[in-house]
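In case you want the letters, here they are:
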Amino acid sequence: MAEHKLLLKHADDPAYQTLNGYQSTGGYKSLAKALKMEKQAVIDEIKASGLRGRGGAGFPTWIKWNGLAKEKKTEHYVVCNADEGEPGTFKDKQLMETCPFLLVEGMTIAAYAVQGDVGYIYIRAEFMDAAKAVRKAIDEAYANNLLGKNILGSGFSFDLHIHLGAGSYECGEESALMSSLMGERGMPRLKFPHAPLPTVSGVWEKPTLLNNVETFACACPIISGGGEEYAKLGASTKNSRGTKIFSVSGHVNKPGNYEIEFGTPLKELLELAGGIKGGKIKACIPGGSSMPVIKPDEIDRAIIGYEEFGEVGSMVGSGGCMFFNEHTDIVMLCWRTAQFYANESCGKCTPCREGTRWMNQILDRIVAGNGQKGDKELLVEVASQIEGRSFCALGEAAAWPVKGFIRQFPEEFDYWIEHGKSPVTSKESFALVP
Ligand SMILES: Cc1cc2nc3c(=O)[nH]c(=O)nc-3n(C[C@H](O)[C@H](O)[C@H](O)COP(=O)(O)O)c2cc1C
């Protein structure tokens, strides 16, 4: 099966980064169409499309769009999460660098639908090329009445700004992102039902729509082709519609971003990426480093879809799909992953702050050859104490991979603990430098 490119169709053409080039492929027809529709009709198209958030949680997009007040009493904000901190994921970066107008147009359509006044694109500062490409697109859009006052003579006005984040994984969590955007420390806030939803009280306590880069970009093909047409893609799956960009990395011959239709078998994604390199396949983390690992028999039968990945014990997440060959030391991989989450825990809540460090310390001693009997069980115990108890989902992001590695490869942990060295003896062994 080939790729199904809706978003990345023109990504290889540098002209697509200019307004002229973008418009010559049909760009901005979606916004022109949307501006002639009722606002609710735009939201209804998103509903018909079955689009779910591409940032990780897979939440139905139309519910968020529909959640902002129809009877407008105050400013409405539209925020794009372009933080993309999950290891293994690099699709938003490419989307912004090569298709910046898709994001700008998609956000403008969203703003029209939810009566947004001002938008912010929160981009991690390491993504300088992405920020520059988006900056250029915004400037061109302003110069051509596609942003600012009275867009295309419709009476609708919308301003769009870029905000550079300093590069903290936690700042990709939506409530922490909003705090950071407002100049506060990037820490999560209380969530619904203990606090109002962002659509009711978000940035500066005003109704806020927050979506991922890819989610906003999807609004363009949905409006131009119609929600029902979009929903035909992925119709073989339970509840995943459209296309999804997967960032494929690890031991593959052609790492990169691949846009596929939901319902595609995972092994076909591996084929698109040129197949496994350097040995037989051992494992795959299909949705970014916070997702549980799966083994070859599961890779063979996995179908790409939110519910379908659940059937093999993992998740779509943000689409950071990493493949590992037989020379990979799973315990080292687990250790490196745990280090990342311990470093990135914002420290606000005890289960995550302490738990991630405990997991890291136990793994430190295992890979130093000083593992103790019971360490494997202790790791599972600590991970279980974090899961469901942390202030935000960074806790789960740290706990799930550790539990997944131990559930799938217990013998490798046992070997390390018993012998004080790796069970992987090949010279090609996947070395992970801390
Ligand atoms: C610790 C943490 C980090 C996250 N990082 C990102 C991120 O970098 N980009 C992103 O879009 N969503 C990220 N999310 C998910 C966001 O909180 C949020 O669900 C998403 O941006 C909503 O957009 P969507 O509905 O379009 O997916 C993260 C969540 C957590 C808990």
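Basis of the calculations
Residues numbered from 1 in each chain as written. Predicted model: local features only at pLDDT ≥ 70, side-chain atom pairs only at ≥ 80, totals over all residues. Heavy atoms only, no water. Core = buried A, V, L, I, M, F, W, Y, C linked by side-chain atoms within 4.5 Å. Buried < 20%, exposed > 50% of the residue type's maximum accessible area, 1.4 Å probe, protein only. Helix = DSSP H or I, 4+ residues; strand = E, 2+ residues; numbered from the N terminus. Contact = heavy atoms within 4.5 Å. Arc of directions from axis to C-beta. Domains from an automatic or database assignment. Buried area = accessible area lost by both parts, 1.4 Å probe. Salt bridge = Lys/Arg side-chain N within 4 Å of Asp/Glu carboxyl O. Polar contact = N/O pair within 3.5 Å; in protein donor to acceptor, adjacent residues only side chain to side chain. Near = heavy atom within 4 Å. Areas by Shrake-Rupley, 256 points an atom, 1.4 Å probe, with all protein chains shown as cover. Nonpolar A, V, L, I, M, F, W, Y, C, P; charged D, E, K, R; others polar. Pairing = 2+ DSSP bridges. Axes fitted to C-alpha atoms, helices over the stretch in contact; angles between N-to-C directions.

S.K.: Just to check I follow, could you spell out the nonpolar core for this structure?
M.R.: Where a protein is soluble and globular, its nonpolar side chains tend to be buried together. In this structure, Tyr-28, Val-42, Trp-65, Met-96, Leu-102, Ile-121 and Phe-216 are the most contacted members of the largest nonpolar core, which totals 60 residues. With 11 residues, the top contributor of residues to this core is helix H6 (residues 100-114). Residue contacts for Leu-102: discarding those within four places in its chain leaves Leu-7, Tyr-16, Tyr-22, Leu-95, Phe-216, Ala-217 and Cys-220. In this structure, Tyr-169, Trp-335, Tyr-341 and Ala-398 belong to the second largest nonpolar core, which totals 39 residues.

S.K.: Please clarify how helix H15 (residues 350-370) should be interpreted in this entry.
M.R.: Turn by turn, an α-helix covers 3.6 residues, leaving residues three or four places apart pointing in a common direction. Among the residues of H15, Cys-352, Gly-355, Thr-356, Met-359, Asn-360, Ile-362, Leu-363, Ile-366 and Val-367 are the ones counted as buried. Looking straight down H15, one finds its buried side chains confined to an arc of 165°; they lie on one side. On its buried face, H15 sits against helix H14 (330-344), helix H16 (375-386), helix H17 (394-408) and helix H18 (410-419).

S.K.: Looking at this model, I keep getting lost on the domain arrangement of the protein chain. Mind explaining?
M.R.: How big an interface is tends to be stated in terms of the accessible area lost upon association of its parts. Here the domain parsing of the protein chain yields domain 1 (14-231), domain 2 (243-325) and domain 3 (330-419). Put simply, the middle of domain 2 and the middle of domain 3, counted by C-alpha atoms, are 23 Å apart. Each side of the interface is counted separately: domain 2 has 14 residues, and domain 3 has 13 residues. In total, about 1,100 Å² of surface goes out of reach between domain 2 and domain 3, with carbon and sulfur atoms giving 65% of it. Connecting domain 2 to domain 3 are 1 salt bridge. Notably, a salt bridge pairs Glu-412 with Lys-282, separated by 2.7 Å at the nearest N-O pair. On inspection of domain 2 and its partner domain 3, the count reaches 6 residue pairs in polar contact (both at pLDDT 80 or more).

S.K.: Help me understand the site of the ligand in this model?
M.R.: Contacts to the ligand come from 19 residues, most closely from Gly-55, Lys-64, Glu-84, Asn-212 and Thr-215. Residue Gly-85 places a main-chain N or O atom 3.2 Å away from an oxygen atom belonging to the ligand. Contacts to the ligand include Glu-174, whose backbone N or O atom sits 3.0 Å from an oxygen atom. Calculation on the ligand without its partners gives an accessible area of 620 Å², and the protein chains cover 89% of this total. For the shell around the ligand, the element with the highest residue contribution is strand E4 (residues 208-212), accounting for 3 residues. For the shell around the ligand, the per-class residue count stands at 4 nonpolar, 8 polar and 7 charged.

S.K.: Would you take a moment to explain the side chain of Thr-237 for this structure?
M.R.: For Thr-237, the position within the fold is in the loop between helix H10 (227-231) and strand E5 (243-250). Judged by relative accessible area, which is 5%, Thr-237 ranks as buried. In terms of polar contacts, Thr-237 uses its side chain to reach the backbone carbonyl oxygen of Ser-240, at 2.8 Å. Among the polar contacts listed, one links the side chain of Thr-237 to the side chain of Arg-241, at a separation of 3.1 Å. Once residues lying within four places of it in the same chain are set aside, the contact partners of Thr-237 are Phe-262, Gly-263, Ile-304 and Glu-308.

S.K.: Hey, could you run me through the sheet that holds strand E8 (residues 320-325) in this one?
M.R.: Note on sheets: strands pair through backbone hydrogen bonds, and any given pair is parallel or antiparallel. Here we have 4 strands laid out as an open sheet, ordered E6-E5-E8-E7, and mixed in their pairing. Lying at the two open borders of the sheet, with one neighbouring strand each, are strand E6 (256-261) and strand E7 (281-285). Direction aside, the axes of adjacent strands within the sheet are offset by 30° on average. Here 4 bridges tie E5 to E8, and the two strands are oriented parallel to one another. Bridged to Ser-247 within E8 is Gly-320. Contacting E5 and E6, helix H5 (residues 91-98) runs over the sheet at an angle of about 115° to E5.

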